[in-house]
Protein chains: 2
Amino acid sequence: MPVSVNGLTQEKYQIPVNLDDTASIEQFLRQHKGKKVIVVQGLGFVGAVMALVCANAKSEEYAVIGVDLATEEAYWKIKSINDGMFPLIADDPKIAEFFNRAKEKGNLFATYDPVAFKYADVIVVDINLDVEKRSSEDAILKEFDVNLKGFKSAIKSIGSNCREDVLVLVETTVPPGTCEKIVKPIIEEELSSRGLEIGNYRLGHSYERVMPGPEYIDSIREFPRVYSGSSEVSADAVEVFLETIIDTSVCDLTRLEHTSDTEMAKVLENSYRAMNISFAVEWSRFAEEAGVDLYAMVNAIRVRKTHSNLMYPGIGVGGYCLTKDPLLASWSRKTFFGSDSDLKMSVNSVSINDQMPIFAFNRLVQVFGDLKDKKVTFLGVSYRGDVGDTRCTPVETLVDKVLEAEATIQLHDPFVSFWEEKKCDIESDLDAVLESRSDLVIISAGHSEYKSPKVILKLLEMESTNIYDTIGLLSTEQISLLQEKHKISVLGRGDL
Amino acid sequence: MPVSVNGLTQEKYQIPVNLDDTASIEQFLRQHKGKKVIVVQGLGFVGAVMALVCANAKSEEYAVIGVDLATEEAYWKIKSINDGMFPLIADDPKIAEFFNRAKEKGNLFATYDPVAFKYADVIVVDINLDVEKRSSEDAILKEFDVNLKGFKSAIKSIGSNCREDVLVLVETTVPPGTCEKIVKPIIEEELSSRGLEIGNYRLGHSYERVMPGPEYIDSIREFPRVYSGSSEVSADAVEVFLETIIDTSVCDLTRLEHTSDTEMAKVLENSYRAMNISFAVEWSRFAEEAGVDLYAMVNAIRVRKTHSNLMYPGIGVGGYCLTKDPLLASWSRKTFFGSDSDLKMSVNSVSINDQMPIFAFNRLVQVFGDLKDKKVTFLGVSYRGDVGDTRCTPVETLVDKVLEAEATIQLHDPFVSFWEEKKCDIESDLDAVLESRSDLVIISAGHSEYKSPKVILKLLEMESTNIYDTIGLLSTEQISLLQEKHKISVLGRGDL
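About the cut-offs
Residues numbered from 1 in each chain as written. Chains lettered and ligands numbered in written order. Predicted model: local features only at pLDDT ≥ 70, side-chain atom pairs only at ≥ 80, totals over all residues. Heavy atoms only, no water. Helix = DSSP H or I, 4+ residues; strand = E, 2+ residues; numbered from the N terminus. Buried < 20%, exposed > 50% of the residue type's maximum accessible area, 1.4 Å probe, protein only. Contact = heavy atoms within 4.5 Å. Areas by Shrake-Rupley, 256 points an atom, 1.4 Å probe, with all protein chains shown as cover. Pairing = 2+ DSSP bridges. Axes fitted to C-alpha atoms, helices over the stretch in contact; angles between N-to-C directions. Least-squares fit on C-alpha atoms with pLDDT ≥ 70 in both. Left-handed = near helix turned anticlockwise from the far one by under 90°. Nonpolar A, V, L, I, M, F, W, Y, C, P; charged D, E, K, R; others polar. 1 Å grid on protein atoms, 1.4 Å probe; cavity = no way out; pocket = protein on both sides within 12 Å on 5 of 7 lines; lining within 4 Å. Points joined across faces, edges and corners; volume = space filled by probe spheres on them. Parallel < 35°, antiparallel > 145°, perpendicular 65-115°, else oblique. Buried area = accessible area lost by both parts, 1.4 Å probe. Salt bridge = Lys/Arg side-chain N within 4 Å of Asp/Glu carboxyl O. Polar contact = N/O pair within 3.5 Å; in protein donor to acceptor, adjacent residues only side chain to side chain. Phe/Tyr/Trp six-rings, centres within 6.5 Å; stacked < 30°, edge-to-face > 60°. Lys NZ or Arg CZ within 6 Å of the ring centre and 35° of its normal. Arc of directions from axis to C-beta. pLDDT = per-residue confidence, 0-100.

## Regarding the overall build of chain A
Point 1. Scanning chain A for helices and strands turns up 18 helices and 19 strands.
Point 2. A principal-axis box enclosing the C-alpha atoms of chain A has dimensions of 75 × 50 × 45 Å.
Point 3. By residue count, 59% of the 496 residues in chain A fall in the buried class.
Point 4. A separation threshold of at least 6 residues defines the contact pool for chain A, and within that pool the share at least 24 residues apart is 75%.
Point 5. Total accessible area computed for chain A in this model is approximately 18800 Å², and 47% of it derives from carbon and sulfur atoms.

Set out below in structure tokens:
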């Protein structure tokens, strides 16, 4: 019997065999007669929170249904929501606040049954769209491809269920051109095959700029947003909907002309970020070789307004977006628009960023020597500070390299109790972790907890150890203090 | 008899054969007894203005001598300064103001005789350091090398003349490591060979962020500056000097630890800029292929503070710095620090930017068709708005491509009367240029004059013509207006 493990509690749920959930859906909707129905497709790091935001819409009471698949990876999220537990942890108190309010109102429900789309006034598409990468052992990107199969089948499940006057709002990051060349034809074909009109539905694209972390909710509700529609009428419908959930008193809605424009804007935005990170990666290596401090240089340069986006070094690229969005763009350019050129700067960024943790490992060995039979403690496995998101975390590769070097490891993270990708438990008691002997402590995520004086004191109490700060978390003062007892290296800081 | 042509007046000067200028130098210095002597080596776009700034120092009266070579390219600048004409034109009224004040005070003199270094308290090095590039016909960068010969010989001419207690301040953009590995040994060898102490001279590096244009002078005097010394004492000496010429009430001086740090910061800063431009180049091509408007996207994205450095498309990279500084960095990494990796993101930027005008030409042909026997008018040949700087201007390649396509051309620029690199005269009468018939008007530089309503009216009065805006100078309203009569294309704006 297939089971799905709750990523927060490790509780095991049996995945239902009978996938007809109509009765529960209709029971939910009976309690919300007269309310517009929003169905959010995909309950991941964006969809789950988007569903929460819709259930707490600013100026309208919605009945909100989250839909995901009855799979090992996703089913527990559905069950968890319906059992009254939000399926992700983040350092944003609003997550609990919004979820509790939705529970009180009872206007958030989750299901695996695509029949839910039938009842929707608005369907928000927040599913994944993955890039398949083929890389060398050193993580140099060799080839990549975009597999639209899962995406197409998700759109098809909408088209084969939805009302003919639905608004479909795609929020998924897609190769530019996807709404026009993929979504539109599929929905129209499905509507036609059911004998429905194809002129009444509305299709739009708008990308969230959600940022898992302490301002998770506000990064959706209070952040400028770009949107478009496949027609003027569609764009108007998107605008009306977004105005009910986005706080337009503090942030702007910007309409672009075509769905291709907003799709391209999204991947452009993330490619820019990925490129800035890859730039820091390369200069960080150079600074280490030349024995100079890249942090001091970056500080001196960032005073220029034209250079304020210059980034600090680190091993920090991870997450679901920056590691693939530039590739979606380049793929689209060649596949949808027939160009024979790729977006070299953007594609190279991904490759260079993928190599970051390997560079970080090499530097580690160079500074601290061989790791065989050493005990290595990692502080943080998430890819980003103050959130439990381990998707594409660079820490994974660094952990692998350290294990390959025959060290033993212990892993700590206040936001991750079970590391899904590596299928292992993570320590949550920082004191215990720091009290146990380590040959090397690697600061590998920027969680606020690690910056506290208490942690520095704990590190000072440790027996002589090595400390490797891969993200520049330690301040110059903290480094001086710790250097009295330990050997320290900070990525990109040259010789300390 | 070798001559040097005045780039502003086309007047021809005979280059002196007797290069002993001691008498004139000593005569100049007799008039400024008791004043500290600053010698600026190099009278190019930085050195000439730096000399002007020193001659108008904030808190000290200096006697300033500019030194350049008695060559065809440089001699006219020396002569021009001594004849009372500043050797460059820019839209900054302070240039004239400062030069007139220096003339009144008589404290700025120029010479070709390196004996001048003998009298210097401070020597500021503002000479060129070039990169030799080898590229394909399509401007794809194949190989490059840094030739230090000229730079070394310039430093040698300082070392073989200077006092043993001089402060040598290198402002030239150099491969990181140059002060330590090149300048220091040469000066010490020269001092030793003259039987002088090598422990008394001071060596520093500080990079200007000079920006030719309407705020030319202020970009030196009122802009944050980074500096370093080869020792604490040297760094202190640099600080004392800089405080007399930089207005530290409005901008900071930041000291970095080693000369390698500031050298690296400079090329890092410019590489970042070059990279941002190359990113815009690639996405501009993509936007054109997809028929969407990159300007609208960039506007929508730049609202994010983390994305505010995202640049607009254009053919605009040029000038002496961004086209080579990333290569200096990569060269240093391999040559001075023994790395086997180059700075791929930075090197690629240069190559992509070098290809910009070729992309622009291809787009031109795609939109407007064959140019054979057409008449093409270029508005602007400078690489930057409101300044007469044609060094490495991308317009040069575009002009070449248009000529290759067998069109006839006319060139206008309010800031360039003679195009040194192409050895041709440039029209200055904009009315006449716009009144003559053209099949195609290319807006190729962002001079303020071209943005005026008067010019738009003139363009509207023209017979039906094509307008190609390569730098996004035209506003949406101006485009609408002009479209009533002309066919228009703007690089990166997709289909209009």
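Continuing now.
## Description of the sheet that holds strand β5 (residues 108–111) of chain B
Residues and elements named next belong to chain B.
Point 1. Sheet architecture is open: eight strands sit in the order β5-β4-β3-β6-β9-β10-β11-β12, paired in mixed fashion. Of all the strands in the sheet, the pair left with one neighbour each is β5 and β12 (253–255). Within this sheet the neighbouring strands show an average axis-to-axis angle of 25 degrees, counted without direction.
Point 2. The sheet contact formed by strand β11 (residues 225–229) and β12 spans three bridges and is parallel.

## Quick notes on the relation of the copies chain A and chain B
Point 1. Taken as rigid bodies, chain A and chain B are interconverted by a rotation of 180 degrees and an axial shift of 0.0 Å, the fit giving an RMSD of 0.0 Å. Look at the turn and shift together and you get a two-fold axis relating the two. Relative to the rotation axis, the C-alpha of Asn309 of chain A is the closest in chain A, positioned 3.1 Å from it.

## Some thoughts on the packing of helix α11 (residues 325–335) of chain B against helix α12 (residues 344–368) of chain B
Residues and elements named next belong to chain B.
Point 1. It is the contact of α11 with α12, at a shortest axis distance of 8 Å, that shows an interaxial angle of 145 degrees. Seen along the crossing, α11 lies across α12 with a hand that is left-handed. Counted together, Pro326, Leu327 and Ser330 of α11 and Ser346, Val347 and Val350 of α12 form the full contact between these two elements.
Point 2. Each residue belonging to the contact of α11 with α12 can be placed in one class, and the counts come to four nonpolar, two polar and no charged.

## Here we look at empty space enclosed by the protein
All names here are of chain A.
Point 1. Counted by the stated rule, this structure contains one cavity of 30 Å³ or more.
Point 2. Its boundaries defined by the atoms lining it, the largest cavity holds a volume of some 30 Å³.
Point 3. Taken together, Tyr207, Glu208, Arg209, Ser219, Ile220, Phe223, Pro224 and Arg225 make up the lining of the largest cavity.
Point 4. Residues belonging to the lining of the largest cavity are distributed by class as follows: four nonpolar, one polar and three charged.

## Notes on the side chain of Asp325 of chain A
Point 1. Position of Asp325 of chain A relative to the elements: it lies in helix α11 (residues 325–335).
Point 2. Each residue touching Asp325 of chain A, except ones within four places of it in the same chain, is listed here: Thr173, Lys266, Val267, Asn270 and Ser271 of chain A.

## Thoughts on the sheet that holds strand β18 (residues 466–469) of chain B
Residue and element names in this part refer to chain B.
Point 1. Strands sit in the order β14-β13-β17-β18-β19 across an open sheet of five strands; the sheet is parallel. Since the sheet does not close on itself, it has two edges, and those belong to β14 (408–412) and β19 (487–490), each with one partner. The average angle at which neighbouring strand axes cross in this sheet is 15 degrees, direction not considered.
Point 2. Of the strand pairs in this sheet, strand β13 (residues 375–379) and strand β17 (residues 440–443) are connected by four bridges, and their pairing is parallel. By the bridge assignment, Phe378 is partnered in β17 with Ile442.

## Some words on the packing of helix α9 (residues 259–290) of chain A against helix α12 (residues 344–354) of chain A
Residues and elements named next belong to chain A.
Point 1. Put simply, α9 and α12 touch, their axes get as near as 8 Å, and they point 55 degrees apart. Between α9 and α12, the angle is such that the two are oblique. As α9 packs across α12, the resulting crossing turns out to be left-handed. Residue-level inspection shows Ser271, Ala274, Met275, Ile277, Ser278, Val281 and Glu282 of α9 in contact with α12, the latter providing Met345, Ser346, Ser349, Ile352 and Asn353.

## Some points on the interface of chain A and chain B
Point 1. In this assembly, 59 residues from chain A lie in contact with 59 residues from chain B.
Point 2. Regarding the contact of chain A and chain B, the summed buried area is about 5200 Å², with carbon and sulfur atoms giving 71% of it.
Point 3. Here chain A and chain B share four salt bridges between them.
Point 4. Its salt-bridge partner being Arg333 of chain A, residue Glu289 of chain B comes within 2.8 Å of it at the nearest N-O pair.
Point 5. Viewed at the interface, chain B and chain A are joined by 26 residue pairs in polar contact (both at pLDDT 80 or more).
Point 6. For the side of chain A that touches chain B, the secondary structure elements donating two or more residues are α9, α10 (294–301), α11 and α12 of chain A.
Point 7. With 21 residues, α9 of chain A is the single largest residue contributor to the side of chain A that touches chain B.
Point 8. Class assignment for the residues of the side of chain A that touches chain B results in 31 nonpolar, 15 polar and 13 charged.

## A closer look at the environment of Ser271 of chain B
Point 1. Following the sequence through the fold, Ser271 of chain B ends up in helix α9 (residues 259–290).
Point 2. C-alpha separation for the pair Ser271 of chain B and Ala329 of chain B, spaced 58 residues apart in sequence, amounts to 8.4 Å.
Point 3. Contact partners of Ser271 of chain B, with chain neighbours within four places excluded, come to Phe279 and Trp283 of chain A together with Asp325, Pro326 and Ser346 of chain B.

## Focus on the packing of aromatic side chains
Point 1. With the rule as written, the count across this model stands at 22 aromatic pairs over all chains.
Point 2. Seen from their ring centres, Trp283 of chain A and Phe286 of chain A are 5.7 Å apart, and the 50 degrees between their planes marks the pair as tilted. Here Phe286 of chain A and Trp283 of chain A lie together in helix α9, a separation of three residues that amounts to about one turn.
Point 3. Look at Trp283 of chain A and you get buried, because its relative accessible area is 0%.
Point 4. Overall, Phe286 of chain A belongs to the buried group, its relative accessible area being 0%.
Point 5. A connected cluster of aromatic rings, assembled from ring pairs, spans Tyr272 and Phe337 of chain A together with Phe279, Trp283 and Phe286 of chain B.
Point 6. A cation over a ring is seen here: Lys324 of chain B above Tyr320 of chain B, with NZ or CZ 4.4 Å from the ring centre.

## Focus on helix α5 (residues 149–159) of chain B
Residues and elements named next belong to chain B.
Point 1. Residues of α5 that are buried include every one of Phe151, Ala154, Ile155, Ile158 and Gly159, and no others. With its buried residues spanning 140 degrees around the axis, α5 presents them on a single face.
Point 2. Against the buried residues of α5 lie β3 (36–41), β6 (122–125), β9 (167–170) and α6 (178–193).

## Some points on helix α2 (residues 47–55) of chain A
Point 1. α2 of chain A sits mainly inside the fold: nine of its nine residues count as buried.
Point 2. Three or more residues of α2 of chain A are buried, namely Gly47, Ala48, Val49, Met50, Ala51, Leu52, Val53, Cys54 and Ala55 of chain A.

## What about unusual backbone geometry?
Point 1. The backbone phi angle of Glu406 of chain A is positive, close to 65 degrees, even though this residue is not glycine.
Point 2. Mapped onto the secondary structure, Glu406 of chain A falls in the loop between α14 (394–404) and β14 (408–412).
Point 3. Under the relative-accessibility criterion, Glu406 of chain A is labelled partly exposed at 47%.
Point 4. Its identity is not glycine, yet Lys423 of chain B carries a phi of approximately 50 degrees, on the positive side.
Point 5. If you trace the backbone, Lys423 of chain B turns up in the loop between β15 (418–419) and β16 (424–425).

## Examining the confidence of the model for chain A
Point 1. Considering every residue of chain A, the mean pLDDT works out to 94; 100% of them sit at 70 or more.
Point 2. We note a pTM of 0.93 for the whole complex and an ipTM of 0.92 for its interfaces.

## Description of the pattern of salt bridges
Opposite charge on two side chains permits them to pair, given that their charged atoms come into close proximity.
Point 1. Applying the stated criterion across every chain, the model contains 54 salt bridges over all chains.
Point 2. Here Arg391 of chain A ties to Asp389 of chain A by a salt bridge, and the two come within 2.8 Å at their closest N and O atoms.
Point 3. Among the residues examined, Asp389 of chain A registers a relative accessible area of 0% and is labelled buried.
Point 4. The salt bridge partner of Glu269 of chain B is Arg209 of chain B, with a shortest N-O separation of 2.8 Å. Here Arg209 of chain B lies in the loop between β10 (202–207) and α7 (218–221) and Glu269 of chain B lies in helix α9, a separation of 60 residues in the sequence. Residue Glu269 of chain B shares its accessibility class with Arg209 of chain B, and that shared class is buried.
Point 5. Ionic contacts of the salt-bridge type, sharing partners, join the residues Glu232, Asp236, Glu239 and Arg255 of chain A into one network.

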